[in-house]
Amino acid sequence: MFSKILIANRGEIAVRIIKTCRRMGIATVQVYSEADAGSLAVEMADETVLIGPAPAAQSYLLADKIVEAVRQTGAEAVHPGFGFLSENAGFARRLRDEGIAFIGPNPEAIEAMGDKISSKKLAAEAGVNTVPGHMGLIDTPEEAVKIAQGIGYPVMIKASAGGGGKGIRVANSDADMAEGFAAVKAEALNAFGDDRVFLEKFIENPRHIEIQVLGDKRGNVVHLFERECSIQRRNQKVIEEAPSPLLDESTRTAMGAQAVALAQSVNYDSAGTVEFVAGQDKSFYFLEMNTRLQVEHPVTELITGVDLVEQMIRSAYGEQLAFGQDDLKIDGWAIESRIYAEDPYRGFLPSIGRLVRYEQPEEGDQGDYTVRNDSGVREGDEISMFYDPMIAKLCAWAPTRDGAIDGMARALEDTHLEGLGHNVPFLAAVMDQERFRSGQLSTRYIGDEFPDGFNGLPVEGRGRDVLIAAAAAMNEIAAEQSGDPSDRTDWIVLIDREAHGVTLGYDDAEALILDLTGEDRSLVLSDIDWRPGLAQFRGVLDGEPFTAEVKRAADGWDIRWRAARARVRVMSPRVAELYARLPEKAAPDTSKLIQSPMPGLVVSIPVVVGQEVKTGETVAIIEAMKMQNILRAERDGVVKVVSAKDGDPVAADDVLVEFD
């Protein structure tokens, strides 16, 4: 077995690889950019090598730097993780030529599957179902429009070298196609150095289901069942699960057989994933093959007990697979939530900054469920604009799908972040939605369920009870610790401006009893774990444990439980009566402003002062995390002020253009 492996990646996947190497007794070398000098992966590795400045093009994407680090440290193999050089056939070939093992498939397999156009042709030859489309290269928007008319809208525009949700647009008209084609080519060139684009029919209301395959260098290939990855935003996965609630055993067997056949046709010899787009009727079509470890691989590991990183290492070393297809079984259900530094309340746009506070759920067996948290950052770390904004991959396993959903919801409650925007409230919202629990998923899920954007879920049901109980308890505890306890037992709890009367008391077990005025019921709050200054309130409400995120406000508390959040105030009945007479504060009028929705760089502002602009016209393009975001005019108007220029860095809410 290898004695030393170099990790040509960063963040959570680098940490993940180090953990397996430690268990296998293999020393690790971590390469890093200047931005990652103090990272968790650098701290954990046995050796480290600085390979360049923060931009990936000057560090993680430079094969020369990686090879030099291998020679410098005496590493015998390179694990590329995912992204960066993981699917670069030239890099894999160079390592092979220099006698360095590449912990991934052979370069010929990468080459065959890495190009989306040629891979679809190979898939068809291997007997794999394929989506109708145009696999030839397209040079101009006019040509793209003509081909799209022949295929029939809607049509998906895809970068041939794309991945990670980048370089993809859906066109519903000739105008969409012309604009989207140019945007995809620009994104593809910037992100992958390859602007080739192809078109394929967009399957409406589809599901994204993928099959994990694993091969060795002796021709053995197995599949480790499927993952459902239909919950996506901007064509990038957010929530994944294994197995899929859609598939029956016969469909699972058919998809697995096609994935194995494709892998065998290119002599595949490592971990890889064959992705399919599936209809609600269980029809399925080949989408692409990712010749690397997938971000969502933990859910497969949780239901099969197979360490995919270990198997990749063993395959690269030349070992034969120690199991066959009949040895693999599905055990339970697993769900993964990708926790991103992004603001779901602003259309899931990236949010960069420092993790001022990061409290993680306890890993391992939690009774009814098991928690796994793959993270590459710690409290105090910076989420940089140079890389993917992922903070962690939070996973929950349970014997059943409902149990895994309940476990994930609790694990999300126990996750607390401060300092930047994050998508934990959105992830929690999905876990609480009946549609998700029913398994009726599609890649349109977010658009269907949150057509006006994500604004949380209403404060109702158990969420309302949690907010009332937590606020009342904190009011009592804070008063007692400040030395000014009140003998009052009747209070009004305002959730925003909705009033709830409560009468407080205690039972023999010192649990707080809250009698709800006019509702003929009581809440029982016990096992309270909170003191002033703590950001999380833990307790057991009516026999069920919960964790709420709390923050002191000038006149009360800001409380979030899962996706329900509100300003909560605890007042005497008289003060509440007076408070109800106060007028509500009007929101500022920003209708004449075009503001940057996120931190990033200005790509272009194609308008000038005095120009008449019509609704829907492009007024600015902002880039962040290698994604281009087109900002359009929401009303007709005349440009009064242009406040930024091409190449300027901007912060969230910076004014870019102002109209008369």
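Before any of the text, the structure's been laid out above.
Keep in mind that this is a model prediction, so the values were computed, not measured.

### Here's the deal with helix 9 (residues 249–265)
Step number 1: Counted at 1.5 Å a residue, the expected span for helix 9 with its 17 residues is 24 Å, and the 24 Å between its end C-alpha atoms agrees.
Step number 2: Those residues of helix 9 lying buried are Thr251, Arg252, Met255, Gly256, Gln258, Ala259, Val260, Leu262 and Ala263.
Step number 3: Check the buried side of helix 9 and you find it contacts helix 5 (107–114), helix 6 (116–125), strand 10 (207–215), strand 11 (221–233), strand 13 (271–278) and strand 14 (284–290).
Step number 4: Phi turns positive, to about 55 degrees, at asparagine 267, one or two residues after helix 9.

### Focus: the packing of helix 7 (residues 141–151) against helix 8 (residues 174–192)
Step number 1: Between helix 7 and helix 8, the shortest axis-to-axis distance is 9 Å and the interhelical angle comes to 135 degrees. Of the possible angle classes, the one that applies to helix 7 and helix 8 is oblique. In this structure, helix 7 meets helix 8 at a crossing whose hand is right-handed. Facing helix 7, whose interface residues are Pro141, Ala144, Val145, Ala148 and Gln149, helix 8 presents Asp174, Met177, Ala178 and Phe181.
Step number 2: The residue makeup of the contact of helix 7 with helix 8, split by class, is seven nonpolar, one polar and one charged.

### A few points about the sheet that holds strand 33 (residues 593–595)
Step number 1: Within the open sheet, the four strands sit side by side as 33-40-38-35. Their pairing is antiparallel. Lying at the two open borders of the sheet, with one neighbouring strand each, are strand 33 and strand 35 (612–613).
Step number 2: With three bridges connecting them, strand 33 and strand 40 (residues 655–659) associate as antiparallel partners. The residue bridging isoleucine 594 from the neighbouring strand is valine 657, located in strand 40.

### Quick look at the pattern of salt bridges
Step number 1: One pass over the structure, following the stated rule, counts 64 salt bridges.
Step number 2: Aspartate 406 is the partner of arginine 437 in a salt bridge, and the nearest nitrogen-oxygen pair spans 2.6 Å. Placement of arginine 437 in helix 14 (residues 434–438) and of aspartate 406 in helix 12 (residues 401–413) is noted, with a sequence separation of 31 residues between them.
Step number 3: For arginine 437, a relative accessible area of 23% corresponds to the partly exposed category.
Step number 4: Judged by relative accessible area, which is 38%, aspartate 406 ranks as partly exposed.
Step number 5: Between arginine 464 and glutamate 519 there is a salt bridge, and its shortest N-O distance comes to 3.3 Å. Here arginine 464, found in helix 16 (residues 461–481), pairs with glutamate 519, found in the loop between strand 27 (512–516) and strand 28 (521–529); they are 55 residues apart in sequence, far enough to count as distant.
Step number 6: Its relative accessible area of 29% is what places glutamate 519 among the partly exposed residues.
Step number 7: Put simply, Arg16, Arg23, Glu301, Asp307, Glu310, Arg314, Glu319, Arg372 and Asp374 are held in one network by salt bridges that share partners.

### Let's talk about the pairing of strand 10
Step number 1: Counting buried positions over the nine residues of strand 10 gives nine, a clear majority of the element.
Step number 2: Residues Arg207, Ile209, Ile211, Val213 and Gly215 point to one face of strand 10 and His208, Glu210, Gln212 and Leu214 to the other, with burial holding for every one of them.
Step number 3: Direction of pairing for strand 10 relative to strand 13: antiparallel, over a ladder of eight bridges. Bridged to isoleucine 209 within strand 13 is phenylalanine 276.
Step number 4: Across six bridges, the pairing between strand 10 and strand 11 is antiparallel. By the bridge assignment for strand 11, isoleucine 209 is matched with glutamate 228.
Step number 5: Remark: five residues form the turn of the hairpin made by strand 10 and strand 11, two consecutive strands paired antiparallel; glycine 219 in that turn has positive phi of roughly 90 degrees.

### Looking at the sheet that holds strand 32 (residues 564–571)
Step number 1: Read around the closed barrel, eight strands run 25-26-27-28-29-30-31-32, paired in antiparallel fashion. Sheet twist, expressed as the mean angle between neighbouring strand axes with direction ignored, is 35 degrees.
Step number 2: Of the pairings in the sheet, the one linking strand 26 (residues 498–506) to strand 27 comprises five bridges and is antiparallel in character. Within strand 27, the position partnered with leucine 504 by the bridge is leucine 514.
Step number 3: Packing against the sheet, helix 12 makes contact with strand 29 (536–541), strand 30 (544–553) and strand 31 (556–561), and its axis sits at approximately 30 degrees to strand 30.

### Describing the packing of aromatic side chains
Step number 1: Scanning all chains against the criterion turns up 14 aromatic pairs.
Step number 2: Ring geometry for tyrosine 60 versus phenylalanine 84: centroids 5.0 Å apart, planes at 15 degrees, classification stacked. Of this pair, tyrosine 60 sits in the loop between strand 3 (47–52) and helix 3 (63–73) while phenylalanine 84 sits in the loop between strand 4 (77–79) and helix 4 (89–97), and the two are 24 residues apart along the sequence.
Step number 3: Its relative accessible area of 1% is what places tyrosine 60 among the buried residues.
Step number 4: Pairing phenylalanine 426 with phenylalanine 454 gives two aromatic rings, centres 5.6 Å apart and planes at 90 degrees, and the pair type is edge-to-face. Placement of the pair is phenylalanine 426 in helix 13 (residues 424–432) and phenylalanine 454 in the loop between helix 15 (445–449) and helix 16, with a sequence separation of 28 residues.
Step number 5: According to the relative accessible area criterion, phenylalanine 426 is buried, its value standing at 0%.

### Considerations on the nonpolar core
Step number 1: By size, the foremost hydrophobic cluster in this structure holds 41 residues, and its most contacted members are Ile239, Ile335, Ile391, Phe426, Met431 and Phe436.
Step number 2: For this core, the elements supplying multiple residues, two or more each, are strand 12 (236–242), strand 15 (333–340), strand 23 (390–398), helix 12, helix 13 and helix 15.
Step number 3: Top element by residues in this core is helix 13. It accounts for seven residues.
Step number 4: When sequence neighbours within four positions are dropped, the list of residues in contact with isoleucine 239 reads Glu228, Cys229, Ser230, Ile231, Ile335, Glu336, Ser337, Leu427, Val430, Met431 and Phe436.
Step number 5: Counting residues in each nonpolar core, the second largest holds 37 residues, with Ile5, Ile26, Ala45 and Ile103 among its members.

### Brief notes about unusual backbone geometry
Note: most peptide bonds trans; most residues except glycine with negative phi.
Step number 1: Following tyrosine 153, the chain continues to proline 154 via a peptide bond in cis, the omega torsion being 0 degrees.
Step number 2: For proline 154, the location among the structural elements is in the loop between helix 7 and strand 7 (155–163).
Step number 3: Cis geometry is adopted by the peptide bond preceding proline 243, which originates at alanine 242 and carries an omega value of -5 degrees.
Step number 4: Following the sequence through the fold, proline 243 ends up in the loop between strand 12 and helix 9.
Step number 5: The phi torsion at lysine 282 lies on the positive side, around 75 degrees, for a residue other than glycine.
Step number 6: You can see lysine 282 is positioned in the loop between strand 13 and strand 14.
Step number 7: When its relative accessible area of 30% is taken as the criterion, lysine 282 is described as partly exposed.
Step number 8: In the Ramachandran plot, aspartate 527 falls in the positive-phi region, its phi being about 50 degrees despite a non-glycine side chain.
Step number 9: By the element assignment, aspartate 527 lies in strand 28.
Step number 10: For aspartate 527, a relative accessible area of 58% puts it in the exposed group.

Thresholds, definitions, all that
- Chains are numbered independently. Their residues run from 1 in the order of the written sequence.
- Where totals are concerned, whole chains, interfaces and linings use all residues; where local detail is concerned, this predicted model gives features only for residues with pLDDT of at least 70, and gives and counts side-chain atom pairs only at 80 or more.
- Note: side-chain values were computed over all heavy atoms of the structure, leaving out hydrogens and water.
- Runs of H or I in DSSP of at least four residues are treated as helices and runs of E of at least two as strands, each being numbered from the N terminus.
- What a helix should span is 1.5 Å times the count of its residues minus one.
- Throughout this description, buried means an accessible area under 20% of the type-specific maximum (1.4 Å probe, protein chains only), exposed means over 50%, and partly exposed covers the range between.
- Contact between two residues is taken to exist if any of their heavy atoms lie within 4.5 Å; hydrogens are not considered.
- Every axis in this analysis is a line fitted to C-alpha atoms, fitted for helices over the stretch in contact. Angles between the N-to-C directions lie between 0 and 180 degrees.
- Here is the rule for angles: anything less than 35 degrees is roughly parallel, anything more than 145 is roughly antiparallel, 65 through 115 is roughly perpendicular, and the remaining ranges are oblique.
- The crossing is said to be left-handed when, going from far helix to near helix, the turn is anticlockwise and less than a right angle, and right-handed when the turn is clockwise.
- Each residue gets one of three labels, nonpolar for Ala, Val, Leu, Ile, Met, Phe, Trp, Tyr, Cys and Pro, charged for Asp, Glu, Lys and Arg, and polar for the others, Gly among them.
- For two strands to pair, DSSP has to find at least two bridges joining them.
- Each reported salt bridge corresponds to a side-chain nitrogen of Lys or Arg within 4 Å of a carboxyl oxygen of Asp or Glu.
- Only centres within 6.5 Å qualify two rings of Phe, Tyr or Trp (six-membered ring in Trp) as a pair; their planes then separate them into stacked at under 30 degrees, edge-to-face at over 60, and tilted for everything else.
- We define a nonpolar core as any set of buried Ala, Val, Leu, Ile, Met, Phe, Trp, Tyr and Cys residues linked to one another through side-chain atoms lying within 4.5 Å.

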